[in-house]
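Spelled out from the first residue to the last, the chains are:
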Amino acid sequence: MSEEVNKKLKYISLAILVIQNASLILSIRYVRTLPGDRFFATSAVVMAELLKVFTCLLIILFQKRGNLKEFGVLLFDSIVLQFRDTLKLAVPSLIYTLQNNLQYVAISNLPAATFQVTYQLKILTTALFSVLMLRKSLSRVQWVSLLLLFAGVAIVQVQQEVGKQKENTVADPSQSYSKGLVAVVVSCLSSGFAGVYFEKILKGSSASVWLRNVQLGIFGIFLGLLGMWWNDGAAIAEKGFLFGYTSMVWGVILNQAFGGLLVAVVVKYADNILKGFATSFSIVVSTVMSVYLFGFHVDLVFTLGAGMVIGAVYMYSLPKSSAAAASSSAPALSAVSHRRGSPGGDSELEAFLSKNSGKEKGS
């Protein structure tokens, strides 16, 4: 009976992971290409951070059984008295904030399917940073999968150039394919480094996931506001923080803020293979939906490149060996929200950080 329940939970987890992975990218692309007033992406990043911090605080309060005194003492001790520990999170928070803003830039300028395929480079960057910074080892199959992943992404990019499919984005003079490509590549690099750096900080730490997210969120909100002022300060002062916010925009923000939290809850029922399959299947879903929603054209070359990426993602998620599967795991996908699990065994951390497309702040 318990095996049957676990099997059902795995299928439910798979569905949730696929929906969260695909829906965030498709919804951002949709709201960023609608005619009319366009909301400020920098304000959306700040709003998502505010909602994340608020949610984490509620969870911590719930864990303290509503005891406001214990709640306040914990926050004061962890954030203020142990300020050196809090300051360590300034670096990953800065990178996650940059990553979130870059994802908006990338998705606003690239077809959703192209972004989804290219963003899987975060697996490559996470793996390389894990080897360099955490001294993790990869199996031969994983090294082959990384080469396959890079080749698949390269084929997709060549296809976009040679096939002259830039009309999907160039039709709007405000969009630039090259700008979107640079944004997604930098986002992949930042996702890999931030995820591994965050994992390194967490090793040996007794702080809870939710408390760490509050600490990250404090810097995230501050840095997000700074970026908002620098990039859109004058326009927001004139039009307002919530300018251009529609029900669809709120849906995107809520997906960013709570989608990762939902994934963090269900991801414990999903092993690495299931998460890899979910990421692969979400690429298929994004591509199919892009054809219907945005008129994206799929040809044989794109199918070949995307197929190589899908296979690479699945291969990378396979355990090194059946004997070592329980004791040794490979660096996982960064940002299950996009996106998608975190490096090492802390998949729920990167999932809620989001950062994706959060960041894992990407899968």
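Residues numbered from 1 in each chain as written. Predicted model: local features only at pLDDT ≥ 70, side-chain atom pairs only at ≥ 80, totals over all residues. Heavy atoms only, no water.

Asks: In this structure, what is going on with the overall build of the protein chain? I would like to understand it.
Replies: Per the secondary structure count, the protein chain includes 15 helices and zero strands. The 363 residues of the protein chain split such that 53% are buried. As displayed, the protein chain has an accessible area near 16100 Å², and 69% of this comes from carbon and sulfur atoms. (Helix = DSSP H or I, 4+ residues; strand = E, 2+ residues; numbered from the N terminus. Buried < 20%, exposed > 50% of the residue type's maximum accessible area, 1.4 Å probe, protein only. Areas by Shrake-Rupley, 256 points an atom, 1.4 Å probe, with all protein chains shown as cover.)

Asks: For this particular structure, what's the right way to read the UniProt feature "transmembrane region" (unreviewed entry) in the protein chain?
Replies: The sites that carry the UniProt feature "transmembrane region" (unreviewed entry) are, in the present numbering, residues 12–32, 38–62, 143–160, 180–198, 210–230, 242–267, 274–294 and 300–318. The span residues 12–32 shows a helical share of 100% and a strand share of 0%, and its end C-alpha atoms are spaced 30 Å apart. With 100% helix and 0% strand, the stretch residues 210–230 has end C-alpha atoms that lie 29 Å from each other. (UniProt positions renumbered as here; feature names shortened; annotations may be inferred.)

Asks: When you look at a nonpolar patch on the surface in this model, what are you seeing that I'm missing?
Replies: On the surface, Phe277, Phe281, Val284, Val288, Val291, Tyr292, Val298 and Tyr314 cluster together into a nonpolar patch covering about 720 Å² of accessible area. In terms of residues, the nonpolar patch owes the most to one element, helix H13 (residues 272–294), which gives six residues. Tracing the backbone shows Val298 in the loop between H13 and helix H14 (300–317). In this structure Val298 comes out as partly exposed when scored by relative accessible area, which is 32%. (Patch = residues over 30% accessible without salt bridge, like charges linked within 9 Å, V, L, I, M, F, W, Y side chains within 5 Å. Salt bridge = Lys/Arg side-chain N within 4 Å of Asp/Glu carboxyl O.)

Asks: Please explain the confidence of the model for the protein chain as it appears in this structure.
Replies: Confidence in the prediction of the protein chain, expressed as mean pLDDT, is 78, and 77% of residues score 70 or more. Here helix H15 (residues 347–353) stands out as the least confident element of the protein chain, with mean pLDDT 40; helix H2 (residues 41–63) is the most confident, with 92. Between residues 322–363, whose pLDDT stays under 50, and residues either more than four places distant or in other chains, the model counts 207 contacts. (pLDDT = per-residue confidence, 0-100. Contact = heavy atoms within 4.5 Å.)

Asks: Would you explain the packing of H2 against helix H5 (residues 90–109) in this entry?
Replies: Geometrically, a packed helix pair is captured by the angle between its two axes and the distance between the axes. Direction vectors running N to C along H2 and H5 enclose 135 degrees, while the axes themselves pass 10 Å from each other. The pairing of H2 with H5 is recorded here as oblique in orientation. Classified by chirality, the crossing of H5 by H2 is right-handed. Residues Ala41, Thr42, Ala44, Val45 and Glu49 of H2 pack against Asn100, Asn101 and Tyr104 of H5. Class assignment of the residues belonging to the contact of H2 with H5 gives a composition of four nonpolar, three polar and one charged. (Axes fitted to C-alpha atoms, helices over the stretch in contact; angles between N-to-C directions. Parallel < 35°, antiparallel > 145°, perpendicular 65-115°, else oblique. Left-handed = near helix turned anticlockwise from the far one by under 90°. Nonpolar A, V, L, I, M, F, W, Y, C, P; charged D, E, K, R; others polar.)

Asks: Looking at this structure, I do not really get the environment of Gly224. What am I missing?
Replies: Position of Gly224 relative to the elements: it lies in helix H11 (residues 209–239). Look past the residues within four positions of Gly224 in its chain and what remains in contact with it is Val46 and Thr97.

Asks: What exactly am I supposed to notice about the nonpolar core here?
Replies: A general tendency of soluble globular proteins is for nonpolar side chains to be buried together. Ranked by internal contacts, the top residues of the largest apolar core, which has 48 residues, are Tyr104, Phe115 and Ile253. When sequence neighbours within four positions are dropped, the list of residues in contact with Phe115 reads Ile25, Gln103, Ala106, Ile107, Leu110 and Val184. Counting nine residues, the second largest nonpolar core, distinct from the first, contains Ile60, Leu75, Leu211 and Val214. (Core = buried A, V, L, I, M, F, W, Y, C linked by side-chain atoms within 4.5 Å.)

Asks: Sorry, what's going on with the environment of Met308 here?
Replies: Position of Met308 relative to the elements: it lies in helix H14. Residue classification places Met308 among the buried positions, given a relative accessible area of 18%. Separated by 160 residues in sequence, Met308 and Leu148 place their C-alpha atoms 6.2 Å apart.

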